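# Observations on the model geometry
If you want the building blocks of each chain, they are given just below.
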Amino acid sequence: MVRVNKPLAMPDCLNLQVVFNLFSQTCYLCGNSSTEAICNPCKKYLPYQTNTCLSCAKLLDEVGICPECKQNPPPYTHTQAIFSYTYPIDKLIKLAKFQQNLTILKLLANLMAQDLIMEPRPNVLIPVPLHSKRLRQRGYNQSLELAKIISKQSGIPVNTRACKRIKNTRPQTSLLNAQQREENLAKAFKIKKRLASWQHIVLIDDVMTTGTTVKQLALAFKAAGIARIDVWCCARR
Ligand SMILES: [Zn+2]
Ligand SMILES: [Zn+2]
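Attention in this report is confined to the structure presented alongside it. (Residues numbered from 1 in each chain as written. Chains lettered and ligands numbered in written order. Predicted model: local features only at pLDDT ≥ 70, side-chain atom pairs only at ≥ 80, totals over all residues.)

### Some words on the overall build of the protein chain
The helix and strand tally for the protein chain stands at nine helices and eight strands. Considering the protein chain as a whole, with its 237 residues, one finds that 28% of them fall into the buried category. (Helix = DSSP H or I, 4+ residues; strand = E, 2+ residues; numbered from the N terminus. Buried ≥ 20, exposed ≤ 12 C-beta atoms within 10 Å, placed from the backbone.)

### Some words on the environment of isoleucine 65
Relative to the assigned elements, isoleucine 65 resides in the loop between helix 2 (40-43) and helix 3 (67-71). Looking at isoleucine 65, the number of C-beta atoms within 10 Å reads 15, which means it is partly exposed. When the C-alpha positions of isoleucine 65 and leucine 54 are compared, they lie 5.7 Å apart, and in sequence the two are 11 residues distant. When residues no more than four places from it in sequence are discounted, the contact partners of isoleucine 65 are Cys53, Leu54, Ser55 and Lys70. (Contact = placed C-beta atoms within 7 Å.)

### Structural notes on helix 5 (residues 102-115)
What sets the pattern is the α-helix's 3.6 residues per turn: residues three or four places apart point alike. In this model helix 5 runs 20 Å from its N-terminal to its C-terminal C-alpha over 14 residues, within 8% of the 20 Å that 1.5 Å per residue would give. All buried positions along helix 5 are accounted for by Ile104, Leu105, Leu108, Ala109 and Met112. Taken around the axis of helix 5, the buried residues stretch over an arc of 135 degrees, which confines them to a single face. In this structure, the buried residues of helix 5 make contact with strand 3 (78-84), helix 4 (89-98), helix 7 (142-154) and strand 8 (228-236). (Expected span 1.5 Å × (residues − 1). Arc of directions from axis to C-beta.)

### Topic: the sheet that holds strand 7 (residues 200-208)
Strand order in the open sheet formed by four strands is 3-8-7-4, and the pairing between neighbours is parallel. Both outer strands of the open sheet, strand 3 and strand 4 (124-127), are each paired with one neighbouring strand and no more. Within the sheet, the average angular offset between the axes of one strand and its neighbour, ignoring direction, is 20 degrees. Sheet topology note: the strand 7/strand 8 ladder contains eight bridges and is parallel. Bridge pairing links isoleucine 204 to tryptophan 232 in strand 8. Relative to the sheet, helix 9 (residues 212-223) contacts strand 7 and strand 8, its axis offset from that of strand 7 by approximately 165 degrees. (Pairing = 2+ DSSP bridges. Axes fitted to C-alpha atoms, helices over the stretch in contact; angles between N-to-C directions.)

### Comments concerning the environment of lysine 70
On the secondary structure map, lysine 70 appears in helix 3. By the C-beta count within 10 Å, which is 11 here, lysine 70 ends up exposed. Counting along the chain gives 15 residues from lysine 70 to serine 55, while the straight-line C-alpha distance between them is 9.1 Å.

### What about unusual backbone geometry?
Along the chain, tyrosine 87 connects to proline 88 via a cis peptide bond; the corresponding omega equals 0 degrees. On the secondary structure map, proline 88 appears in the loop between strand 3 and helix 4. That bond from glutamate 119 to proline 120 is cis: its omega, -5 degrees, falls within 30 degrees of zero. Looking at the secondary structure, you find proline 120 in the loop between helix 5 and strand 4. Look at glutamine 100: it is not a glycine, yet its phi comes out positive at around 50 degrees. With respect to the element layout, glutamine 100 can be found in the loop between helix 4 and helix 5.

See below:
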């Protein structure tokens, strides 16, 4: 059989232009050309959290334990929230969450992994699960995507089978007070399977607002016998 070389569909220079466009992009924040979703100068202005409550990551005047956590110690030991949920992190998280922008999500996860203190090293990362109905609507669980990248960077395994969200709760932000939030999330999670070797686990969430979600999930894991639970989230409201 004689192979006939087909002529190129377009001149070589055009092909090169296509390849170039695939790899170059502009910064989501300032519009300058950048190899990443956010350029290095813009990264410096992201709202990194500084002085926070060691338990719940709420912003304080100095690092310590906030009055609420002193009075009612949460079921988790330590929370790390890398950013404040203010501009532009709020905008970026919304892009990642509701428009399935995985480039942004990946960047946020990498920034988290760079800044998190991972000692003492936990046994496993558990992303806060979405209810199956919400997962179908949204297409993916943003907390799982964050956990996967942090796992890749740190070598700490991710587990998605340990717990399940069995109640399709209303979004926490639409609710009025603390009591309603607690009621909304009570018994929302079920622990399905935990390894006997797990002593210390980390819950991964994208945004921590009131802390009720991670509190309920942590309570469920405490009841299943986990000694220490920490929370790592991208942003704190
Ligand atoms: Zn920029
Ligand atoms: Zn606190």
